[in-house]
Amino acid sequence: MLKEYPEYKETGLPWCPIVPKHWNLLRNKNVFIPRKELVENRADDFDLLSLTKQGVIVRDIDNGKGKFPKDFETYLVVNPDDIIFCLFDIDETPRTVGLSKNKGMITGAYDVFSIKNVQKEFVYYYYLFLDNFKLLKPLYSGLRKTIKPTLFLSIKLPIPSISEQNAIVRYLDFKTKQIDEFVSAKEKEIEKLKELKESVIVNCSLKGLIGNREMVSSQFPWIGEYPKGWRETRLKNVATKLNHKVMPNAELLVCSNSGSVNKRGDSKLGLVAASDDIYQGVREGDLLIHGMDTWHGAIAISNYNGMCTPVVHVCDSHENKRYLAYYLRSLAFLKVYKKITNGVRENTSDFRSWDKAGTINMLIPPIEEQNAIVEYLDKKTYEIDTLITSIQKQITLVKELRAKIIADVVTGKIDVREAV
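Residues numbered from 1 in each chain as written. Predicted model: local features only at pLDDT ≥ 70, side-chain atom pairs only at ≥ 80, totals over all residues. Heavy atoms only, no water.

Chemist: Provide a residue-level description of the nonpolar core, including the pertinent values.
Modeler: Across soluble globular proteins, nonpolar side chains show a tendency to be buried alongside one another. In this structure, Phe32, Ile83, Tyr126, Tyr127 and Phe152 are the most contacted members of the largest nonpolar core, which totals 54 residues. Ranked by residue count, the leading element in this core is helix α8 (residues 367–410), at 10 residues. Excluding its chain neighbours within four sequence positions, the residues that come into contact with Ile83 are Phe32, Val97, Gly98, Leu99, Asp111, Val112, Phe113, Ile115, Val123 and Tyr124. (Core = buried A, V, L, I, M, F, W, Y, C linked by side-chain atoms within 4.5 Å. Buried < 20%, exposed > 50% of the residue type's maximum accessible area, 1.4 Å probe, protein only. Helix = DSSP H or I, 4+ residues; strand = E, 2+ residues; numbered from the N terminus. Contact = heavy atoms within 4.5 Å.)

Chemist: An account of unusual backbone geometry is needed here, citing residue identities and associated values.
Modeler: Even without glycine at this site, Lys134 takes up a positive phi of about 45 degrees. Mapped onto the elements of the fold, Lys134 is located in the loop between α1 (120–132) and α2 (149–154). Look at Lys145: it is not a glycine, yet its phi comes out positive at around 50 degrees. Mapped onto the elements of the fold, Lys145 is located in the loop between α1 and α2. The class for Lys145 is partly exposed, based on a relative accessible area of 26%.

Chemist: So what about the environment of Val261? Which residues, and what values?
Modeler: By the secondary structure assignment, Val261 is in strand β18 (residues 261–263). By relative accessible area, Val261 is classed as buried at 5%. For the pair formed by Val261 and Thr396, sequence separation is 135 residues and the distance between their alpha carbons is 24 Å. With residues up to four places along the chain from it excluded, the contact list for Val261 reads Leu253, Val254, Leu288, Ala300, Ile301, Ser302 and Tyr304.

Chemist: Which residues make up the pairing of strand β5 (residues 47–52), and what values do they have?
Modeler: Extensive coverage of β5 is indicated by the burial of five of its six residues. Bridge count between β5 and strand β10 (residues 104–106): two bridges; the pairing is parallel. Looking at β10, one finds that Leu48 is bridged to Met105. Relative to strand β6 (residues 55–59), β5 runs antiparallel, the two sharing five bridges. Within β6, the residue paired with Leu49 across the bridge is Val58. Linking β5 to β6, which pair antiparallel, is a turn of two residues. (Pairing = 2+ DSSP bridges.)

Chemist: Which residues make up the sheet that holds strand β16 (residues 240–241), and what values go with them?
Modeler: Pairing within the open sheet is antiparallel, and its four strands lie in the order β16-β23-β20-β21. At either margin of the open sheet sits one strand with a lone partner, and together these are β16 and β21 (299–301). In terms of strand pairing, β16 meets strand β23 (residues 312–316) through two bridges, oriented antiparallel. Paired with Lys241 across the bridge in β23 is Cys315. Relative to β21, helix α5 (residues 321–333) is tilted by about 165 degrees, and along the sheet it contacts β20 (287–290), β21 and β23. (Axes fitted to C-alpha atoms, helices over the stretch in contact; angles between N-to-C directions.)

Rendered as structure tokens:
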């Protein structure tokens, strides 16, 4: 059972008011040595580094993903064991501190330091604690919530002895590894459940619920065979594109890749137009098909009245619209949309034209079977989504525990010197 230290003293630091009495207080300028070496014309000699929630990682320049400058001349050289800080937009930046394991280069907007006089991992864990809870707010200035480098270097840092720093790092390495392995295992569970959900939707939407029935061949290779008594047609023959007027005070809705329609609110989902004039009305129960994100499964029934971007097709049908949504999402899971149309961006499909969207092939069971499929899929997907939500809550709680353990140990609230 870990205990507190026997005596404490005040630090004057609002984010760490007391520390064990025998700990020292050093200013950052006595620990960090600024590194200002520019890459200039040597970019080919360095890996490109990025500061992320997973730490400082090496980015793949050749895969074409992400934005890159026209050159890297103003980037900073980073050596192994250098610590990197993002001292601006701190509240909005997912991670503002990282300890590099690699030699590379990083944007000159960041501050890079080598570390002296202290154990590098101890300093990293301490600033990770501050970043986890965004505790440096008293030092912000300007609209971009920036900490000036001179002010940053003047901050006091609680420092135990080297042997105690080593004990703290050993303990935190062990505990964080345990937690990270737990999180990784749970994230794999979630991926398996998502795969199961997709499989259930595809099988039921394309084959129905009844086994050992007579099948007929489809003209489309991604369907193969389908139950006799179903019919093949096109989306334009079973769905009608609507053109609702926007009601007063309508909320902006987003047709998301998760297969749901969400109120945008303050969630920052999607882009917002400068004027509401471009939007179209949405009514509860409408079928929404995103013309650009079709390939990613952005197809859903709206549970709300509101408005949405004209890139989304708002539709009605005499068929069961929930079945149509499940079937259209099945084609996304089977990666059909990328095969039948090209997008204006990489890894997209372009169905912004209703003439194009209307040609999507559809399988239509008798209405009674549509209703049965929908009832079954609603139940099964709810069960799977409930499991996923439960696991996500476990992950959130364990990550919060990880942050608390780091905070308690690096500030001396618990003594780990004798921890086995």
